[in-house]
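So you can see what is in the structure, the chains are spelled out below.
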Amino acid sequence: MKQIAVIGAGTMGNGIAHVFAQYGFQVQLIDLDQERLDKALATISKNLDRMAAKEILTEDKVKATLGRIATHTSMDSGVAQADLVVEAATENSELKKKIFSQLDAACSPETILATNTSSISITEIAAATNRPDKVIGMHFMNPVPVMKLVEVIRGYHTSDSVTEAVFELSRALNKIPVEVNDYPGFVANRILMPMINEAIETLFHGVAGVTEIDSVMKLGMGHPMGPLQLADFIGLDVCLSILEVLYNGLRQPKYAPCPLLVNMVAAGDLGIKSGRGFYDYSASRKAEVVAKSFQ
């Protein structure tokens, strides 16, 4: 596989495009909005320059990487020659099924269709296509250029050959693929999101403040980032979407989103992406705790 298409130019999409291009693949990055595509290219360029400054990449490799990425606002033109398509759109099952139905019609019958979903059923997404054997989950971690893990999730009909091909491809990106089964949240988010939700509950019930909760988890549990800061980094809307998938799929009260999280998302306080979450990012790049009560 040499030709890769990436659907969605947001945080995950531009990171996935970056990594594939860095390791020699031709990448077609697709989004409906050219401004979003331009922003994605600027982010990729900035991240590559940072790698060059750290002497991870040479200037020639930076230029070569950028030269392997083309942008499109039309799905059909972007995926026509793709050996693999990685969908990295918003974490919404109906949107993903619509995209996969369109990809099924636009792509070659041999094209593998992967989704970067962090929680939604691969089997459900695959059912929107006529090639469920060629649909697979390829869940990269954020930030994609740095994190080694790729959760590889087989749907009910995903073939052995497609799974093996995605494992081989992940290793070609200097990633470590780990196969998990197709259940809500898979492994990473089934464990991570309840922890984040419990941290929000702890804040909501006034047990401790934002800084104190994050400090306990960093200093006491060895976490590089506290759960509330991590929630801001992921996006509170994304956290809420994943918890809703877990709750709806498993029907256990422990997965019910904290009312504080629901209210913050409704208010538009989504974390870093909106400039405000549990921390305030508007004044500087250094997070400051929001000066308000979260109870």
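Residues numbered from 1 in each chain as written. Predicted model: local features only at pLDDT ≥ 70, side-chain atom pairs only at ≥ 80, totals over all residues. Heavy atoms only, no water.

Before going further, it helps to examine the pairing of strand 2 (residues 26–30). Counting buried positions over the five residues of strand 2 gives four, a clear majority of the element. The pairing of strand 1 (residues 3–7) with strand 2 spans five bridges and is parallel. Its bridge partner lying in strand 2, A5 is registered against Q28. Pairing analysis gives four bridges linking strand 2 to strand 3 (residues 69–72), with the strands arranged parallel. Directly across from I30, in strand 3, lies its bridge partner H72. (Buried < 20%, exposed > 50% of the residue type's maximum accessible area, 1.4 Å probe, protein only. Helix = DSSP H or I, 4+ residues; strand = E, 2+ residues; numbered from the N terminus. Pairing = 2+ DSSP bridges.)

Attention now moves to the environment of R68. With respect to the helices, strands and loops of the structure, R68 is situated in the loop between helix 3 (59–67) and strand 3. Sequence separation between R68 and Y23 is 45 residues, and the spatial gap between their C-alpha atoms is 9.9 Å. Other than its neighbours up to four places away in sequence, R68 contacts A21, Q22, G24, F25, Q26 and V27. (Contact = heavy atoms within 4.5 Å.)

Here the focus is the packing of helix 2 (residues 34–53) against helix 3. Running from N to C, helix 2 and helix 3 point in directions that differ by 160 degrees, and their axes come no closer than 9 Å. With respect to helix 3, the axis of helix 2 lies roughly antiparallel. As for the relative orientation of helix 2 and helix 3, their crossing is right-handed in sense. Counting all contacts with helix 2, which are made through I44, S45, L48, D49 and A52, the residues of helix 3 involved are E59, V62, T65 and L66. (Axes fitted to C-alpha atoms, helices over the stretch in contact; angles between N-to-C directions. Parallel < 35°, antiparallel > 145°, perpendicular 65-115°, else oblique. Left-handed = near helix turned anticlockwise from the far one by under 90°.)

How big an interface is tends to be stated in terms of accessible area lost as the parts join. Annotation of the protein chain at the domain level lists domain 1 (3–181) and domain 2 (189–288). When the two sides are added together, the surface that domain 1 and domain 2 hide from each other amounts to roughly 540 Å², 55% of it contributed by carbon and sulfur. Remark: the boundary between domain 1 and domain 2 carries zero salt bridges. Summed over the shared surface of domain 1 and domain 2, the result is one residue pair in polar contact (both at pLDDT 80 or more). (Domains from an automatic or database assignment. Buried area = accessible area lost by both parts, 1.4 Å probe. Salt bridge = Lys/Arg side-chain N within 4 Å of Asp/Glu carboxyl O. Polar contact = N/O pair within 3.5 Å; in protein donor to acceptor, adjacent residues only side chain to side chain.)

According to UniProt, the positions carrying the feature "site: Important for catalytic activity" (unreviewed entry) are H139. As for its position among the elements, H139 is in strand 6 (residues 135–140). For H139, a relative accessible area of 6% puts it in the buried group. Polar contacts involving the side chain of H139 include one to the side chain of E151, which spans 2.8 Å. (UniProt positions renumbered as here; feature names shortened; annotations may be inferred.)

Examined bridge by bridge, strand 6 and strand 7 (residues 149–154) share five bridges and lie antiparallel to one another. Residue pairing across strands places G137 opposite I153, the latter belonging to strand 7. Pairing geometry for strand 7 and strand 8 (residues 176–180), over five bridges, is parallel. The residue of strand 8 that forms the bridge with V150 is P177.

The residue Q22 is located in helix 1 (residues 11–22) in this model. Of the residues examined, Q22 reaches a relative accessible area of 18% and is grouped as buried. If we ignore the near neighbours within four places in the chain, the residues touching Q22 are M51, L57, T65 and R68.

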